[in-house]
Amino acid sequence: MNDRIEHRAERVDAADKSSGRTRYLADLEFPDLLFALTLRSEKARAKILDIRLPGLPPGYWTVGATDVPGTNRVHMIGDDQPFFAEDRVNYIGEPILLLVGPEPEVLARLLAGIEVRYEELDPILTLAEAERGGKEPLYGSDNRFADYHLSKGDPEEAFRRAARVDSGEYSSGYQEHAYLEPQGMVGVYEEERISVFGSLQCPYYVKTALVQGLGWPEERVRVVHVPTGGAFGGKEDYPSLLAGHVAFAALKTRHPVRIVLDRREDIRVTTKRHPARIRLKTAVDANNRLLALEAEITLDGGAYAGLSEVVLQRGMFALPGVYAIPNVEVRARVLATNTVPTGAFRGFGSPQSFFALETHLDWLARRLGEEPLDFKQRHLLVRGDTTLTGGTLRQEVNLPELIEAACRLSGYREKASGAGLQSDGAYHGIGMSIFFHGCAFTGSGEKDKIKARVGLRKLADGRVEILVANTEMGQGPQTTLRKIVAAALDTDIRRIIYNDPDTARVPDSGPTVASRTVMIVGGLLEQAARELKARWQEQPELEVFKQYRQPPDVSWDQASFSGDAYPTYAWGVEVAEVKVDPVTFDISVTGAWGAFDVGRAIDTQIVRGQVEGGMAQGLGYATLEVMEQEQGALRQDTLTDYIIATSKDVPNFAHELVNTPYEHGPFGAKGAGELPFVGAAPAVAAAVQSALRLPVTRIPIRPETLHALTSGALASGALASGTGGSEEVGDED
Ligand code: MOS
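Each chain carries its own residue numbering, running from 1 in the written order of its sequence. Given that this is a predicted model, residues contribute local features only at a pLDDT of at least 70 and side-chain atom pairs are listed and counted only at 80 or more, while totals for whole chains, interfaces and linings are drawn from all residues. In computing side-chain properties, one takes all heavy atoms of the structure into account and sets aside hydrogens as well as water.

Colleague: What is the right way to look at the overall build of the protein chain in this model?
Modeller: Numbering goes from the N terminus for both helices and strands, where a helix is a DSSP run of H or I of at least four residues and a strand is a run of E of at least two. A count of helical and extended segments in the protein chain gives 20 helices and 29 strands. In this setup the radius of gyration rests on C-alpha atoms only. A globule is expected at 2.2 Å times the number of residues raised to 0.38. By the compact-globule yardstick of 27 Å for 733 residues, the protein chain fits well, its C-alpha radius of gyration being 26 Å. Expressed as lengths along the three principal axes of its C-alpha atoms, the size of the protein chain is roughly 75 × 70 × 50 Å. The buried share of the protein chain, reckoned over its 733 residues, is 62%. Contacts spanning at least 24 positions in sequence make up 81% of the contacts within the protein chain whose residues lie at least 6 apart. Relative accessibility decides the category of a residue: with a 1.4 Å probe and only protein chains considered, values under 20% of the type maximum give buried, values over 50% give exposed, and everything between is partly exposed. Whether two residues are in contact is decided by their heavy atoms, any of which lying within 4.5 Å being enough.

Encoded structure:
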């Protein structure tokens, strides 16, 4: 059975999705359905003085802050974002009110006729402005949504005795999720209850937000997941706001109300990956051994806190990467700016940190005259080592095996030695990243906040229904969770039922985030299935529930950030090969390889899909996906000018999975969804560093940046001579 579970199963949702039979939110029919359009702030920061509405025809309504019966704050962590602006707006696109009615064309005309008078206030638009102060703070007294400091060992002393110190500043931009299906939600008021149907990741997050917004008891609120066309973290928090909108509109109009965001609107107003600025400083001794790392992480949280503090925590705990560095100091903060709020996106803060760290160490090794892999290999973490937060790596850390596999697949060593200007007149390079992803919630999130509960229901006909709140959005749980239950019951996957979750029917097994679904929820389902199997003959119909219990050896103190930040880690190695055009500086990723330890793969084909999708999305993040903010507005707001990777931009990915079963995961599984994304950008950055022998400090890596860098280097003779001039470039110490 344990061997069989890895074998590819036919994906439960594949036939309906690929044939067009799946009904998404926009396809659902509701009697007397009304539509809603959103009046949004055109100002980055302003007081609303006055809103003048055109005359509304009969059957048309407005819905705004005064129609929120409970608390006009979207429940997240800090509860600072209003469902509808009250007297102030803090970012371009902030919702002010809804226009609701039967005809979308009429709504569009009415929306264009609304006049808002603002008193403009001085906005905080950049990290520098948020840090500098001098303007009225947007959050607290210092614009910091969160501000952390962690240290290990004695970094100060280590820097004093270092043989050399290197520093660098790394920046990364916004990333848009670009899910296939834009955000959408329908609210229905019926018999004093509100039901919301939506494209979303976290039914219970949405429900909790509605309970607070409506000020109603839980029994009167229900959230139903509808087949979701992609999410990547983008449907982790924004749906809670959107659900409030359709709920309040349904309550006021007594009609079902649907909002489906237009693509441009979706890009402009929903959360993005946090732009980051990360400063790193490393100390090495006379034997090129890493003594210390000092890091300062600054993330742009946008106008409201949302999930930013936990994104920052994951970003912080990603340092010092996969290396045993005895002395580390990390300062981390996320700042408030009058820009679109940033939030969850595959990797959740760790991609920014791994880009900075891996790129820095790659360049450091090159400056030391070492092959980066040799340098990194001397510092790899092993089982039993202590993490930044004082946790212990209890499971096998099979990085040597992963590196060996990635080298074998890619031909890394040989290609690395031939990197640079080649006979075809182009620059060729190859780079490697080594990384991890902490599986499931950070810190004590699973134990203290989520407290997942799952159920299985045996029906009289012998079929078994999975009762969880976790959602299929393309990543595979409709198949993987069924496989786990079927395998534990020793039955056929077709006898397992798993309906789209409805909070009126399923317990709160937690959100579908943090690479936790298979490991945590699947783990509980496996336990439930084993119990159900043992008790199978008791009754014709039977329910078994299981509640999360932390593995006994894991401990965490949230106040001091000490202990095991994650119950376990998934590990990865990625290699990218690039070709840089010597005239246009166009970067082509000509090869990509990887090796991953996700525990036992519950379905090799689904994990392969996650690997290929994650690497493709990461290559886009590394080289293509430019999103700039100017005066509080995003310049790229369509899929014509925000370019994501297509099949023409990505090479074939060859990769291997190293199956090391995790004792507390179902059939040995850990998390797999986010991991492959994390290492892609640093592998590409390292490849560009190897090709041009110039430091990369910013993603996406754009031809114009390379052109500017290489012009300088050519002038100084660095590029032509290979390693020669690189000592001077980007050296601050
Ligand atoms: Mo995710 S980025 O944990 O939805």
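Moving on from the model shown.
Colleague: Before we go on, may I ask you to explain the pattern of salt bridges in this structure?
Modeller: Any two side chains of opposite charge can pair, on the condition that their charged atoms come close. For salt bridges, the criterion is a side-chain nitrogen of Lys or Arg within 4 Å of an Asp or Glu carboxyl oxygen. One pass over the full model with this rule turns up 57 salt bridges. When the shortest N-O distance is used, the salt bridge between K17 and D13 registers 2.8 Å. Judged by its relative accessible area of 27%, K17 is partly exposed. The exposure class assigned to D13 is buried, which follows from its relative accessible area of 11%. Residues R164 and D166 are paired through a salt bridge, measuring 2.7 Å at the closest nitrogen-oxygen approach. By relative accessible area, D166 is classed as buried at 2%. Among the charged side chains, a salt-bridge network with shared partners connects E131, E169, R277, R279 and E296.

Colleague: Even after reading the chapter, I still don't get the sheet that holds strand β7 (residues 144-152), so can you show me in this structure?
Modeller: Within a sheet, each strand pairs with its neighbour through backbone hydrogen bonds, oriented either parallel or antiparallel. With mixed pairing, the six strands of this open sheet are ordered in space as β7-β15-β14-β13-β8-β29. The open sheet has two free edges, formed respectively by β7 and β29 (698-699), since each of these has just one partner strand. Judged from the nine bridges that link them, strand β14 (residues 290-300) and strand β15 (residues 327-335) form a sheet pairing that is parallel. Along β15, the bridge assignment pairs E294 with E329. Each axis is a line fitted through C-alpha atoms, and for a helix only the stretch in contact is used; angles between axes span 0 to 180 degrees, taken between their N-to-C directions. Across the sheet, helix α9 (residues 350-367) is in contact with β8 (164-172), β13 (276-284), β14 and β29; its angle to β8 comes to roughly 140°. At least two DSSP bridges between two strands are needed for those strands to be called paired.

Colleague: What is the right way to read the sheet that holds strand β11 (residues 221-225) from this model?
Modeller: Sheet architecture is open: seven strands sit in the order β3-β5-β1-β12-β9-β10-β11, paired in mixed fashion. Of all the strands in the sheet, the pair left with one neighbour each is β3 (61-64) and β11. Across this sheet, the average inter-strand angle for adjacent strands is 25°, counted without regard to direction. One ladder, built from four bridges, connects β3 with strand β5 (residues 95-101); its direction is antiparallel. By the bridge assignment for β5, T62 is matched with L99.

Colleague: Whenever I open this one, the nonpolar core confuses me. Can you help?
Modeller: Here is a general trend for soluble globular proteins: nonpolar side chains tend to be buried in one another's company. Joining through side-chain atoms within 4.5 Å is the link that ties buried Ala, Val, Leu, Ile, Met, Phe, Trp, Tyr and Cys residues into a set, and such a set is a nonpolar core. Grouped together as the largest cluster of nonpolar side chains are 156 residues, with contacts concentrated most on I434 and W571. Listed in part, the 34 residues of the second largest apolar core include V74, L214, Y238 and I259.

Colleague: Sorry if this is basic, but what is going on with the confidence of the model for the protein chain here?
Modeller: Low-pLDDT stretches of the model should not have their predicted coordinates read in fine detail. Within the protein chain, residue pLDDT values average 95, and 97% of them lie at 70 or more. Counting interchain partners and residues more than four positions distant, the pLDDT-below-50 stretch residues 720-733 has 19 contacts. pLDDT is a residue-level measure of predictor confidence that goes from 0 to 100.

Colleague: Please clarify how the packing of helix α5 (residues 203-214) against helix α6 (residues 238-253) should be interpreted in this entry.
Modeller: The description of two helices packed together rests on the angle between their axes and the distance between the axes. Direction vectors running N to C along α5 and α6 enclose 45°, while the axes themselves pass 9 Å from each other. Of the possible angle classes, the one that applies to α5 and α6 is oblique. In this structure, α5 crosses over α6, and the sense of that crossing is right-handed. Residue-level inspection shows Y205, V206, A209, L210, G213 and L214 of α5 in contact with α6, the latter providing P239, S240, A243, G244, A247, F248 and L251. Any residue outside Ala, Val, Leu, Ile, Met, Phe, Trp, Tyr, Cys, Pro, Asp, Glu, Lys and Arg is labelled polar, Gly included; the first ten of those are nonpolar and the last four are charged. Residue composition of the contact of α5 with α6, by class: ten nonpolar, three polar and no charged. In these notes the angle categories are as follows: under 35 degrees is roughly parallel, over 145 is roughly antiparallel, 65 to 115 is roughly perpendicular, and the rest is oblique. Helix crossings get a hand from a simple test, with the near helix turned counterclockwise from the far one by less than a right angle marking a left-handed crossing and a clockwise turn marking a right-handed one.

Colleague: Which parts of the structure should I look at to understand the packing of aromatic side chains?
Modeller: Two rings from Phe, Tyr or Trp (for Trp, the six-membered ring) form a pair when their centres sit within 6.5 Å of each other. Planes less than 30 degrees apart are called stacked, planes more than 60 degrees apart edge-to-face, and all others tilted. With the rule as written, the count across this model stands at 18 aromatic pairs. Ring centres of F83 and F248 lie 5.0 Å apart, and the angle between their planes is 90°; on these two criteria the pair is classed as edge-to-face. Linking F83 in the loop between β3 and β4 (88-89) with F248 in helix α6, this pair joins segments that are 165 residues apart in sequence. We note that F83, like F248, is buried. The structure contains a cluster of three or more aromatic residues connected by ring pairs, namely F354, F435, F436, Y566, Y569 and W571. We call a charge positioned above a ring when the Lys NZ or Arg CZ atom is no farther than 6 Å from the ring centre and deviates by at most 35 degrees from the ring normal. Here the guanidinium or amino end of K458 rests over the ring plane of W536, the centre of that ring lying 4.7 Å away.

Colleague: Would you take a moment to explain the pairing of strand β17 (residues 427-438) for this structure?
Modeller: Remember that side chains alternate between the two faces of the sheet whenever the strand is regular. Within β17, twelve of the twelve residues are buried, leaving the element largely enclosed by the surrounding structure. Side chains Y427, G429, G431, S433, F435 and H437 project from β17 onto one buried face, and the interleaved H428, I430, M432, I434, F436 and G438 project onto a second face that is buried too. In this sheet, β17 lies alongside strand β16 (residues 420-421) in antiparallel orientation, the contact comprising two bridges. When the sheet's bridge partners are listed, G420 is paired in β17 with H428.

Colleague: Just to check I follow, could you spell out the packing of α9 against helix α18 (residues 680-692) for this structure?
Modeller: Packing of α9 against α18 leaves a shortest axis separation of 9 Å and a crossing angle of 25°. As far as their axial angle goes, α18 and α9 are roughly parallel. Note that α9 runs across α18; the crossing there is right-handed. Judged by residue contacts, F354, F355, E358, T359, D362, W363 and R366 of α9 engage P682, A685, A686, Q689 and S690 from α18. Here the contact of α9 with α18 is composed, by residue class, of six nonpolar, three polar and three charged.

Colleague: I would appreciate a short explanation of helix α11 (residues 399-410) in the present structure.
Modeller: For an α-helix, 3.6 residues make a turn, and residues three or four places apart therefore share a direction. Expected span of a helix: the number of residues minus one, times 1.5 Å. Look at α11: 16 Å from first C-alpha to last across twelve residues, which is about the 16 Å you get at 1.5 Å a residue. Among all positions in α11, only L399, L402, I403, A405, A406, C407 and S410 are buried. On its buried face, α11 is in contact with α10 (372-377), α12 (412-417), β17, β24 (569-580), β25 (587-597) and β28 (653-657). Remark: G411 follows α11 within two positions and exhibits a positive phi of approximately 70°.

Colleague: Just checking my understanding: could you explain the environment of G369 for this structure?
Modeller: Following the sequence through the fold, G369 ends up in the loop between α9 and α10. The spacing of G369 and A128 is 241 residues in sequence and 35 Å in space, taken between C-alpha atoms.

Colleague: Honestly, the state of the cysteines in this entry has me stumped. Any pointers?
Modeller: Think of a disulfide as a covalent bridge from one cysteine sulfur atom to another cysteine sulfur atom. Here, a disulfide means two cysteine sulfur atoms that sit within 2.5 Å of each other. For the coordinates displayed, the defined rule picks out zero disulfides. Residue C439 stays outside any disulfide, its sulfur separated by 18 Å from that of C202, the closest cysteine.

Colleague: What am I meant to see in the side chain of R277 here?
Modeller: Position of R277 relative to the elements: it lies in strand β13. For R277, a relative accessible area of 11% puts it in the buried group. For R277, the side chain forms a polar contact with the side chain of E131, separated by 2.7 Å. The term polar contact refers here to a pair of N or O atoms within 3.5 Å; inside protein, the definition further demands a hydrogen-donor-capable atom paired with an acceptor-capable atom, and it admits residues adjacent in sequence only when both atoms are side-chain atoms.

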